[in-house]
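# Report on the structure
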Amino acid sequence: MAEAFMAYPELRSPFEPKAINADSSATILYQGRTIKLSSRGDGDGLLIDPIDLQSINGFEIKPEGVCYEDLCVPLDDSLMITQAGQKWFSLTALAELLGQPFVVDEEAGVWSFAEIPAKRENMMVNAMAPDLELTDRQGKVVRMADLKGKKALIVTWSSW
Amino acid sequence: MPVWQRIYEEINDPDFVLICVAEDVGGEAVAGPIFDAANPTYIQVIDEDHLVSSAFNFVNVPSAAWIDESGRIVRIDEGTYSMIHTFGEGEEAIAFGNDVYEPALKDWIAKGGDSAHVQTAKTVSSHIRQHSSDQQKADAAFRLGNLFRLHGQNDKADEYWQMARDLNPDSVNFIRQNLTLTEEGSAGEQFRTMMGEYVSSGKDYYRPLDIENV
């Protein structure tokens, strides 16, 4: 057998099995947050209450469309869906329009979204630090935007 | 991590922020004691979901970004070492790391935009890895695997961690993190095989370091 080095097999499965959506209708993973939805629409994709949209990804529904800063996507029937008089917004249809990759586990009701490409453009094109929010070991939130006026080195490492 | 505490103390500049980020699914249990042993006064983050690597398109540790006062990245994605490390002896000795990164960093902190090590936005942009849609999807799959682990659903965790590795085979982070949670560990036969293939295919897990001695 190969020499074990930085092996923590006991940490692979240290938790008791439990349901992810025991008290919710769906779970979203985005930007390091775990967001629980109390309701979702039926059918393909992830249909959310439009009121939840802004708190999930910062997009707002406006007369000109669904918008984030200067980016607006016109609203159409693929994005806004009415079921039994209730309006739903398709988060997955928006992701597809924006080229935002995601992975879904339908059985568990979890959608994990990668970053929206338009939100990364300022880094990819202009080399500006990404809009990143981290929580340190003391529980303090560290935002890249709060570092302005100082030089910062952000360095990754690992125990392995 | 003691090395970063030393560097941080030597720089001793109130306008310099050092953020050390542990990319570790094992969380506080594995990364916490390593941080604590360094008695750190810099910002310490334990990043179980590897969000920082994802945000900067890093594929290995240690990697870093230098960010100036305006929020612009002025260097990125280089093996972030302070010395040359050697393991083993004779012909089997393996050396990695470098001894030019630390002086270059200190030069930048002292001189700011006048440092020869500051790169233009155009250069930095060209140094940021271009990740495909599948590679970005791999980040989402990895986090989904972590969520299933936290809920004790280990088969699902394995399924999505493997998906992440398949979607982004360039990520040394994903394969080593995954192997860390096995009996074989992060530097066993699977790892050596994978790294042999990785290097022989001409891939770099850090950008080539182009720092002259300072």
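This text gives an overview of the structure that appears in the document. (Residues numbered from 1 in each chain as written. Chains lettered and ligands numbered in written order. Predicted model: local features only at pLDDT ≥ 70, side-chain atom pairs only at ≥ 80, totals over all residues. Heavy atoms only, no water.)

Let us now look at the nonpolar core. Of all hydrophobic cores here, the largest spans 26 residues; its most connected members are L153 of chain A together with W4 and C20 of chain B. Secondary structure elements with two or more residues in this core: strand 13 (151-157) of chain A together with helix 1 (2-11), strand 1 (16-22), helix 2 (28-37), strand 3 (64-67) and helix 4 (101-111) of chain B. Ranked by residue count, the leading element in this core is helix 4 of chain B, at 5 residues. Within the second largest apolar cluster, 25 residues are counted, among which are I28, L37, F59 and F89 of chain A. (Core = buried A, V, L, I, M, F, W, Y, C linked by side-chain atoms within 4.5 Å. Buried < 20%, exposed > 50% of the residue type's maximum accessible area, 1.4 Å probe, protein only. Helix = DSSP H or I, 4+ residues; strand = E, 2+ residues; numbered from the N terminus.)

Time to look at unusual backbone geometry. Residue and element names in this part refer to chain B. Cis geometry is found at the peptide bond from V61 to P62, where omega equals -10 degrees. Note that P62 resides in the loop between helix 3 (51-56) and strand 3. In the Ramachandran plot, N57 falls in the positive-phi region, its phi being about 60 degrees despite a non-glycine side chain. Relative to the assigned elements, N57 resides in the loop between helix 3 and strand 3.

Think of a pair of aromatic rings as described by two things: how far the centres are apart, and how the planes are tilted against each other in angle. Applying the stated rule across the entire model yields 14 aromatic pairs over all chains. Arranged with centres 6.0 Å apart and planes meeting at 50 degrees, the rings of Y8 of chain B and F16 of chain B form a pair that is tilted. For F16 of chain B, a relative accessible area of 3% gives the class buried. For the pair F142 of chain B and F174 of chain B, a centre-to-centre distance of 4.6 Å together with 25 degrees between the ring planes defines the contact as stacked. Residue F142 of chain B is located in helix 6 (residues 133-150), and its partner F174 of chain B is located in helix 8 (residues 172-180); the two are separated by 32 residues in the primary sequence. For the pair F142 of chain B and F174 of chain B, a shared accessibility class is recorded, and that class is buried. Here the aromatic residues W157 of chain A together with Y8, F16, F35 and Y42 of chain B are joined through ring pairs into a cluster of three or more. Against the face of Y198 of chain B rests K203 of chain B, its NZ or CZ located 5.3 Å from the ring centre. (Phe/Tyr/Trp six-rings, centres within 6.5 Å; stacked < 30°, edge-to-face > 60°. Lys NZ or Arg CZ within 6 Å of the ring centre and 35° of its normal.)

A few words on empty space enclosed by the protein. Residue and element names in this part refer to chain B. Per the stated rule, a full pass over the model turns up 3 cavities of 30 Å³ or more. Put simply, the largest cavity is a space of about 90 Å³. Around the largest cavity, the lining comprises 13 residues; the ones closest to its centre are S53, S54, F58, D139 and F174. Among the elements of the structure, helix 3, helix 6 and helix 8 are those that each provide at least two residues to the lining of the largest cavity. Residue composition of the lining of the largest cavity, grouped by class: 3 nonpolar, 7 polar and 3 charged. The residue makeup of the lining of the largest cavity includes at least three contributed by each of domain 1 (2-127) and domain 2 (133-200). (1 Å grid on protein atoms, 1.4 Å probe; cavity = no way out; pocket = protein on both sides within 12 Å on 5 of 7 lines; lining within 4 Å. Points joined across faces, edges and corners; volume = space filled by probe spheres on them. Nonpolar A, V, L, I, M, F, W, Y, C, P; charged D, E, K, R; others polar. Domains from an automatic or database assignment.)

With that settled, the discussion passes to the pattern of salt bridges. Evaluation of the coordinates by the stated rule reveals 18 salt bridges over all chains. We note a salt bridge from K156 of chain B to D105 of chain A, for which the minimum N-O separation is 3.0 Å. With K156 of chain B in helix 7 (residues 154-167) and D105 of chain A in strand 9 (residues 102-105), this pair bridges two chains. Of the two residues, K156 of chain B and D105 of chain A, both sit in the buried class. Taken together, the shared-partner salt bridges in this structure form one network comprising R6, E10, E102 and K106 of chain B. (Salt bridge = Lys/Arg side-chain N within 4 Å of Asp/Glu carboxyl O.)

So, about the sheet that holds strand 1 (residues 26-30) of chain A. Within a sheet, each strand pairs with its neighbour through backbone hydrogen bonds, oriented either parallel or antiparallel. Residues and elements named next belong to chain A. With respect to topology, 4 strands assemble into an open sheet ordered 2-1-10-9, the strand pairing being mixed. The sheet terminates laterally at strand 2 (33-37) and strand 9, the two strands that pair on one side only. With direction set aside, neighbouring strand axes in the sheet form an average angle of 15 degrees. As defined by bridge partners, strand 9 adjoins strand 10 (residues 110-113) across 4 bridges and the pair is classed as antiparallel. Opposite V103, over in strand 10, you have S112 as the bridge partner. (Pairing = 2+ DSSP bridges. Axes fitted to C-alpha atoms, helices over the stretch in contact; angles between N-to-C directions.)

Looking now at the state of the cysteines. Each disulfide consists of one covalent bond between the sulfur atoms belonging to two cysteines. All names here are of chain A. Counting across every chain of the model gives 1 disulfide over all chains. Each sulfur of the disulfide joining C67 and C72 lies 2.0 Å from the other. Measuring handedness by torsion sign, the sulfur bridge of C67 and C72 sits at about 110 degrees and is right-handed. Residue C67 is classed as buried on the basis of its relative accessible area, which comes to 2%. The class for C72 is partly exposed, based on a relative accessible area of 34%. (Disulfide = S-S within 2.5 Å.)

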